[in-house]
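Residue-level structural notes
As a plain string of letters, each chain reads:
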Amino acid sequence: MLVEKNVALRAFNTFHIVAKAHTLVHISGEADVRELLAEPELGTLPKFILGGGSNIVLTGDVKPVVLKVEITGRRLVQETSKAFIVEAGAGENWHDFVTWTLAQGYPGLENLALIPGTAGAAPVQNIGAYGVELQDRFESVDAIDLQTGQVFTLNAAQCAFGYRDSVFKHSSVATSSLGAGDHQALGLKDRALILRVRLRLPRPWKPVLGYADLDKKMAIHVCAVPSAQQLYDWVCEIRRAKLPDPQVMGNVGSFFKNPTVTPEQCADIIARDPKVTYYHLTDGTIKLAAGWLIDSCGWRGKSVGNAGVYEKQALVLVNLGGNDAACGTGTTGGEVMTLARAIQTSVYERFGIRLEPEPVIV
Ligand code: EPU
């Protein structure tokens, strides 16, 4: 277990916000977690789990002990006529894992290519793109209780997946230690550290199409049934064209969730602006494109200090101040949150919709 003090976090969050961890512990396996819990000084302190830092906004130095998850490993767990079950250590880079599965001949994750972050963080926010969510491919996770050191396994129901949501995003009010069967009822935020993620990739493989951007690619390439590799390439191309590369311009992907409204609310918004982009969901509700709402309030390209609204996608907030010390301090969490609140206010005043941030505000 490697423990460091006063660690700069700029390189460990994809917004490249300057902040420090008072204490950072590198976690390369469950033995490190158990060793940490046995430490008289650190064991009982509050903890903050850091994966790829691609879904957090740091608003100051992080006082809880930062656990930097560096657990590696990827393998085929099981192969049946119905599915490949594959497993990734929580610290594996998600996109590299997707690339590896395809190279091994285990297709099914191609729509989720190029999403920044780690495999362990993927279930936390139930990552999703181009018609596939992590929960659609989920088998189970192994996690470790940060109070007792007990390792347990959760299935999809126990993870309580929702749109960019899971049990790992919610705090628990209970103080007792976790027992078998308790996990479903409790929020596990900062309480359980994900060690390994297993995914079920159904056989025979079927492409997931029907998303407008992919349909356009199909039309351009005059392709009736694309291969998994073809879909992977298209998804990478679409993302590269629309979304800023965090290595070049700090960001955390979509900054707000797409809000869900009733048909009546949608009719009200159409009356205010008939060009609104929306999608009918199977439960009868309607999802609005938050990017469109923000865009139509005139935010694209606007900024507060070094925090800006990305010029090509209004749902993405970016760091205009560069990614490393040579470029200056970049944006602060305060600037990002000021910009985010101003966007929320203007969307609320124009459409009566409250946008909810998608990343975790630390
Ligand atoms: N739009 C605008 N102006 C903008 C941005 C978008 O009018 O500035 C319109 C687009 O023209 C389009 C609609 O809004 O008609 C939706 O845009 P897009 O297809 O880019 O998808 P999104 O709803 O903005 C969601 C996810 C992304 C995911 C894409 C593709 C959320 C919060 N975001 O974005 O996920 O990659 O769909 O599936 O659900 C992420 O979570 O970080 C993320 C990037």
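Residues numbered from 1 in each chain as written. Predicted model: local features only at pLDDT ≥ 70, side-chain atom pairs only at ≥ 80, totals over all residues. Heavy atoms only, no water.

This brings us to the overall build of the protein chain. Check the secondary structure of the protein chain and you find eight helices and 20 strands. For a compact globule of 362 residues, the expected C-alpha radius of gyration is about 21 Å, and the protein chain comes in at 21 Å, within 12% of that figure. Seen through its principal axes, the protein chain has C-alpha atoms that stretch 60 × 55 × 40 Å. Across the 362 residues in the protein chain, those meeting the buried criterion constitute 49%. (Helix = DSSP H or I, 4+ residues; strand = E, 2+ residues; numbered from the N terminus. Rg over C-alpha atoms; globule rule 2.2 N^0.38 Å. Buried < 20%, exposed > 50% of the residue type's maximum accessible area, 1.4 Å probe, protein only.)

This part is about the sheet that holds strand 18 (residues 307-309). As summarised here, the arrangement of the four strands in space is 13-19-18-17, forming an open sheet in which the pairing is antiparallel. Strand pairing shows two members of the sheet lacking a second neighbour, strand 13 (251-254) and strand 17 (303-304), which therefore form its edges. Across the sheet, helix 8 (residues 333-351) lies against strand 17, strand 18 and strand 19 (316-319), angled at about 35° from strand 18, the strand it touches most. (Pairing = 2+ DSSP bridges. Contact = heavy atoms within 4.5 Å. Axes fitted to C-alpha atoms, helices over the stretch in contact; angles between N-to-C directions.)

With respect to the helices and strands, Lys217 occurs in helix 4 (residues 212-220). Engagement of the side chain of Lys217 in a polar contact is seen with the side chain of Glu237, the distance being 2.7 Å. Those residues in contact with Lys217 that sit more than four places away from it in its chain are Trp234, Glu237 and Ile238. (Polar contact = N/O pair within 3.5 Å; in protein donor to acceptor, adjacent residues only side chain to side chain.)

Our next topic: the environment of Leu50. By the secondary structure assignment, Leu50 is in strand 3 (residues 47-50). In this structure, the C-alpha to C-alpha distance between Leu50 and Ala113, residues 63 residues apart in sequence, is 21 Å. Among all residues touching Leu50, those that are not within four sequence positions of it are Leu9, Phe12, Ile56, Val66, Leu67, Lys68 and Val69.

Along any regular strand, the residues point their side chains to alternate faces of the sheet. With five bridges connecting them, strand 6 (residues 74-79) and strand 7 (residues 83-89) associate as antiparallel partners. Note that in strand 7 the partner of Gln78 across the bridge is Ile85. The hairpin turn running from strand 6 into strand 7, its antiparallel successor, is three residues long.

To continue, consider the confidence of the model for the protein chain. Note: predicted coordinates in regions of low pLDDT should not be interpreted at a detailed level. Averaged over all residues, the pLDDT of the protein chain equals 94, while 96% of them reach at least 70. Long-range and interchain partners of residues 180-184, a stretch whose pLDDT sits below 50, account for eight contacts in this model, where long-range means more than four residues apart. (pLDDT = per-residue confidence, 0-100.)

Residues in close proximity to the ligand total 23 residues, the closest being Tyr130, Tyr163, Ser254, Asp295 and Ala314. The separation between an oxygen atom of the ligand and a polar main-chain atom of Ser254 is 2.8 Å. Relative to its unbound accessible surface of 830 Å², the ligand loses 82% to contact with the protein. Of all the secondary structure elements, the ones that give two or more residues to the shell around the ligand are strand 8 (128-129), helix 5 (228-242), strand 13 and helix 7 (290-296). Looking at the shell around the ligand element by element, the count peaks at three residues for helix 7. (Near = heavy atom within 4 Å. Areas by Shrake-Rupley, 256 points an atom, 1.4 Å probe, with all protein chains shown as cover.)

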